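Structural description and commentary
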Amino acid sequence: MTYDAAIREGAAPPSYPMERVSPVDPPPQLAKLRSGRAASRITMWDGSQVWLVTAHPHVRSVLADRRFTAVTSAPGFPMMTRTSVLVRDQPHTASFIRMDDPDHSRLRSMLTREFLHGRAEAMRPVLRESLDGIMADLVARERPVDLVRGLTIPVPSRVIALLFGVSAESRELIENRAAVLIDRGYAPAQVAAARDELDGLLRDVVEERMREPGDDLVSRLVLDQVRPGNLTVEELVPMCRLLLVAGHGTTTSQASLSLLSLVTDQGLADSLAASLADGGELLPKAVEELLRFHSIVQNGLARAALEDVELDDVTIRAGEGVVVSLSAGNRDEAVFASPDTLDPHRDARRHLAFGHGIHQCLGQWLAKVEIEEMLSAVLRWMPGARLAVPFDELDFRHEVSSYGLGALPVTW
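Residues numbered from 1 in each chain as written. Predicted model: local features only at pLDDT ≥ 70, side-chain atom pairs only at ≥ 80, totals over all residues. Heavy atoms only, no water.

1. Concerning the packing of aromatic side chains
Within the structure shown, the criterion is met by two aromatic pairs. On the basis of an interplanar angle of 50 degrees and a centroid distance of 5.8 Å, the ring pair of Phe391 and Phe396 is categorised as tilted. Phe396 sits in the buried class, given a relative accessible area of 10%. For the pair Phe396 and Tyr403, a centre-to-centre distance of 6.0 Å together with 15 degrees between the ring planes defines the contact as stacked. Here the two residues Phe396 and Tyr403 agree in accessibility, since each one is buried. Stacked on the ring of Trp51, the Lys or Arg Arg41 has its end atom at 4.9 Å from the ring centre. Seen from the ring of Phe336, Arg292 lies directly overhead, with NZ or CZ sitting 5.3 Å from the centre. (Phe/Tyr/Trp six-rings, centres within 6.5 Å; stacked < 30°, edge-to-face > 60°. Buried < 20%, exposed > 50% of the residue type's maximum accessible area, 1.4 Å probe, protein only. Lys NZ or Arg CZ within 6 Å of the ring centre and 35° of its normal.)

Okay, structure coming up:
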């Protein structure tokens, strides 16, 4: 059935996720839905029907409204994938992003100061030094080189290792298990096993810090929260898992796509190179635009209504599920002029790449510092970097929760 036929009165609603035409753009159907009512009925993979919200102001409204819950066990909550059912069925393993207040704010507030803008900026010199070592190794290799395997995976990995205070060997073990959790290609049983093993590894880290605290994030949580009785080990382990999975997979995906834009858009590369030679003021603005343009959480965020909610011209009933499309909201022409154009000079700070409301991404400042530094490093170390394979041969990762690239071969 065509999209136009699907939205006629009485016809079956379109299924979700929708097919995309361009690997770097959201499905075109979302733009058509955005120009219609505040929400549209869609069919999920399991046959359930939920509301899809696509316009920027309506996405913000839902995410900021406490009448919509993030708790997966709530009636009507959309199951985005088969493996997401695990979170619903085993709520004791859930992190605070799957909680509402007051539990959400209680746990999140314990981490807030660790991810403030100043803390992220303080890591920049260490990150830059690490990047120089990585880039020196990359440019010494035979060309082309893969910027995913060589750069966008190891950089967030090293940042997580610094935060957790773990060795390179422990970091690799932890990340191998974490990678399964964001890959939809694995069966639910495999995901459950990887999650349990990861939790066991993280519990070992926590218990080690309880015996011998160091100068790292986990140690500070143990000293400031666990020992005084504000936080249990059972709560700390999922918290660590969240930081690991969210801080690594999403940053890798966003950095990979941002670098893809850099090596395929000469205007972007020239503008950023010129800016770096003059102090680099354009780089933070360009990163905000890259976050808006790529919107790696392609399938959106799920919520369920706790009571009847009037969303503009649509009534969402209690117990009905809602999916808000961040990628569609970030391409809303009513908010961003020529939204399908990547413009590094645009003020894109109202983008939704990190969500909105109480669940807005905690690590956004650190993620932006990492992406800025990776872009800067490629510009400095690989002048004239360009894609080394035809664009249509690139491995776009549709099966992972944060849309990205499996490899990015470049030469210079």
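2. Details of the sheet that holds strand β5 (residues 301–305)
To summarise the sheet geometry, strands pair through backbone hydrogen bonds and adopt either a parallel or an antiparallel arrangement. Reading across the sheet, the five strands line up as β1-β2-β8-β5-β3 and stay open at both edges, with mixed pairing between neighbours. The outermost strands of the open sheet, each flanked by one partner alone, are β1 (40–43) and β3 (68–69). Bridging between β3 and β5 involves two bridges; their strand directions are antiparallel. Considered in β5, the bridge of Phe68 is made with Ala305. Strands β2 (49–53), β3, β5 and β8 (321–324) of the sheet are contacted by helix α3 (residues 56–64), whose axis makes an angle of about 130 degrees with β8. (Pairing = 2+ DSSP bridges. Helix = DSSP H or I, 4+ residues; strand = E, 2+ residues; numbered from the N terminus. Contact = heavy atoms within 4.5 Å. Axes fitted to C-alpha atoms, helices over the stretch in contact; angles between N-to-C directions.)

3. Things to note about the side chain of His359
Looking at the secondary structure, you find His359 in the loop between α16 (326–329) and α17 (364–381). Polar contacts involving the side chain of His359 include one to the main-chain carbonyl oxygen of Met99, which spans 3.2 Å. Look past the residues within four positions of His359 in its chain and what remains in contact with it is Ala70, Phe96, Ile97, Met99, Asp100, His104, Arg108 and Arg303. (Polar contact = N/O pair within 3.5 Å; in protein donor to acceptor, adjacent residues only side chain to side chain.)

4. Points about the nonpolar core
Among the nonpolar cores identified, the biggest contains 85 residues, and Leu147, Leu151, Phe164, Met382 and Leu408 are the most heavily contacted of them. Here the element with the most residues in this core is helix α13 (residues 233–264); it accounts for 15 residues. Aside from chain neighbours lying at most four places away, what touches Met382 is Met135, Leu138, Val139, Val145, Leu147, Ala377, Val410 and Trp412. Ala39, Val59, Val62 and Leu63 belong to the second largest nonpolar core, which has 17 residues in total. (Core = buried A, V, L, I, M, F, W, Y, C linked by side-chain atoms within 4.5 Å.)

5. A word on the environment of Val263
With respect to the element layout, Val263 can be found in helix α13. Along the primary structure Val263 and Asp199 are separated by 64 residues, whereas in three dimensions their C-alpha atoms are 38 Å apart. When neighbours within four sequence positions are excluded, Val263 is seen to be in contact with Ala385, Arg386, Leu387, Leu408 and Val410.

6. A word on helix α9 (residues 154–164)
For α9, the tally of buried residues reaches nine of eleven residues, placing the bulk of the element in the interior. Among all positions of α9, only Pro154, Val155, Pro156, Ser157, Val159, Ile160, Ala161, Leu163 and Phe164 are buried. Of the residues trailing α9, Gly165 is marked for its positive phi of about 65 degrees.

7. Here we look at the sheet that holds strand β9 (residues 386–387)
One open sheet accounts for three strands, arranged β4-β12-β9; its pairing is antiparallel. Looking at the sheet topology across the chains shown, the edges are occupied by β4 (145–146) and β9. Taken together, the two bridges between β9 and strand β12 (residues 409–411) define a ladder with antiparallel strand orientation. Bridge assignment links Leu387 to a residue of β12, and that residue is Val410.

8. Overview of helix α10 (residues 168–181)
Here α10 is 14 residues long and its end C-alpha atoms lie 20 Å apart, about the 20 Å a rise of 1.5 Å per residue gives. Those residues of α10 lying buried are Ile174, Glu175, Arg177, Ala178 and Val180. (Expected span 1.5 Å × (residues − 1).)

9. Considering the pattern of salt bridges
Going through the model one piece at a time under the given rule, you end up with 27 salt bridges. One salt bridge connects Asp215 with Arg220, and the closest N-O pair in it is separated by 3.3 Å. Judged by relative accessible area, Asp215 falls into the exposed class, the value being 72%. (Salt bridge = Lys/Arg side-chain N within 4 Å of Asp/Glu carboxyl O.)

10. A closer look at the environment of Ala407
Position of Ala407 among the secondary structure elements: in the loop between β11 (404–405) and β12. Owing to a relative accessible area of 24%, Ala407 belongs among the partly exposed residues under this scheme. The sequence separation of Ala407 and Phe396 amounts to eleven residues, and the corresponding C-alpha distance is 8.2 Å. Once you skip the residues sitting within four places of it in the chain, Ala407 turns out to touch Asp146, Val148, Leu394 and Asp395.

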